[in-house]
Amino acid sequence: PAPEPKPPAASPGSRAPPASLAACKLCGIWRSKWKPVAGAGPVPAAIMLVGEQPGEQDEIAGEPLRGAAGELLDEVLRRAELERSGLYLTNALKHGKWDVLDSPRQTAHGQSTIRVHKTPPPSEVEACGYWLDDELKRVQPRAIVALGTTALRALTRQPLSLSEYLGQTVSHDGWLIVPTYHPAYALRTSDAKLREEIVATLVAALVRARQLAA
Ligand code: URA
């Protein structure tokens, strides 16, 4: 896992910055018992990928995009001729956003709660923007790939619709953002043709980022 980033200094009048990502209380998710997952990769890096939020496998690995969505991303990276180790990967939210169902289930490993993935509300995306800004300053990417709507909105701080920006490059605050699907979208379909269309769109976005960053 990448070392935890140091928080940037407070600007006058801002809320006191958290001492570290682990101690962050800028939104209410810190109350969950799950650990935040910091971004990982070289600093600086020419290309930065931004997902939505860590899943259970990512929390265990301590790195973003290591679960099923990450495996699909690895297929996309191979096709786009990019090495994961050369990229900086992070998420709009550093904590996973889950609903915990009341009734615990019995598993082979004992009791465990049921976690249901939730799309984070704008207030949490906004609060976690503190860490994304810090990463952008440190990583200085020449191209940023926004994987899905939450990432696009986190990067632009605007309620943009992903479908309107697919295939385009969005310039925001001096950053070049390539919006594309979240890899989990391809995993949710059993239609092989649609899956391939989604994967091909992702590959095209990564190739575009590679060209922008060259
Ligand atoms: N894992 C991540 O790190 N990010 C996502 O958006 C999905 C899974």
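The name given to the chain in an unreviewed UniProt entry is DUF4130 domain-containing protein, with Trinickia terrae as the source organism.

Residue-level account of the environment of tryptophan 175, with values.
Along the polypeptide, tryptophan 175 turns up in strand E7 (residues 175–180). With 19 residues separating them along the chain, tryptophan 175 and threonine 156 place their C-alpha atoms 9.5 Å apart. Those residues in contact with tryptophan 175, other than ones at most four positions away along the chain, are Leu136 and Ile144.

Explain helix H3 (residues 122–139) to me, using residue names and the numbers behind them.
Compared with the 26 Å implied by 1.5 Å per residue over 18 residues, the 24 Å span of H3 between its first and last C-alpha is a close match. A maximum bend of about 35° is found in H3 at glycine 129. Here the buried face of H3 lies against strand E1 (47–51), strand E2 (88–91), helix H4 (149–156) and E7. Count one or two residues on from H3 and you reach glutamine 140, which has phi positive near 50°.

Let's hear about the sheet that holds E2: which residues, and what values?
What the 5 strands build is an open sheet, ordered E2-E1-E5-E7-E6; its pairing is mixed. The sheet is open, and its two edges are formed by E2 and strand E6 (170–172), each paired on a single side. Strand after strand, the sheet turns through a mean of 30° between neighbouring axes, direction not considered. Bridge analysis of strand E5 (residues 143–147) against E7 gives 4 bridges, and the strand direction is parallel. Residue alanine 146 lies in a different strand from E7, and its bridge partner there is proline 179. Running at roughly 170° to E7, helix H7 (residues 192–213) makes contact with E1, E5 and E7 of the sheet.

Report on unusual backbone geometry, specifying residues and quantitative values.
Here the amide bond leading from valine 43 into proline 44 is cis, since omega sits at 0°, within 30 degrees of zero. Positive phi values are uncommon outside glycine, yet leucine 65 reaches one of about 55°. Looking at where leucine 65 falls in the secondary structure, it is placed in the loop between helix H1 (56–61) and helix H2 (68–79). A positive phi angle is found at arginine 157, which is not glycine, with a value near 55°. When you line up the elements, arginine 157 lands in the loop between H4 and helix H5 (162–165). Classification of arginine 157 as partly exposed rests on a count of 15 C-beta atoms within 10 Å.

Rules behind the numbers
- Residues numbered from 1 in each chain as written.
- Predicted model: local features only at pLDDT ≥ 70, side-chain atom pairs only at ≥ 80, totals over all residues.
- Helix = DSSP H or I, 4+ residues; strand = E, 2+ residues; numbered from the N terminus.
- Contact = placed C-beta atoms within 7 Å.
- Expected span 1.5 Å × (residues − 1).
- Bend = angle between axes of the 7 residues up to and from the residue.
- Pairing = 2+ DSSP bridges.
- Axes fitted to C-alpha atoms, helices over the stretch in contact; angles between N-to-C directions.
- Buried ≥ 20, exposed ≤ 12 C-beta atoms within 10 Å, placed from the backbone.

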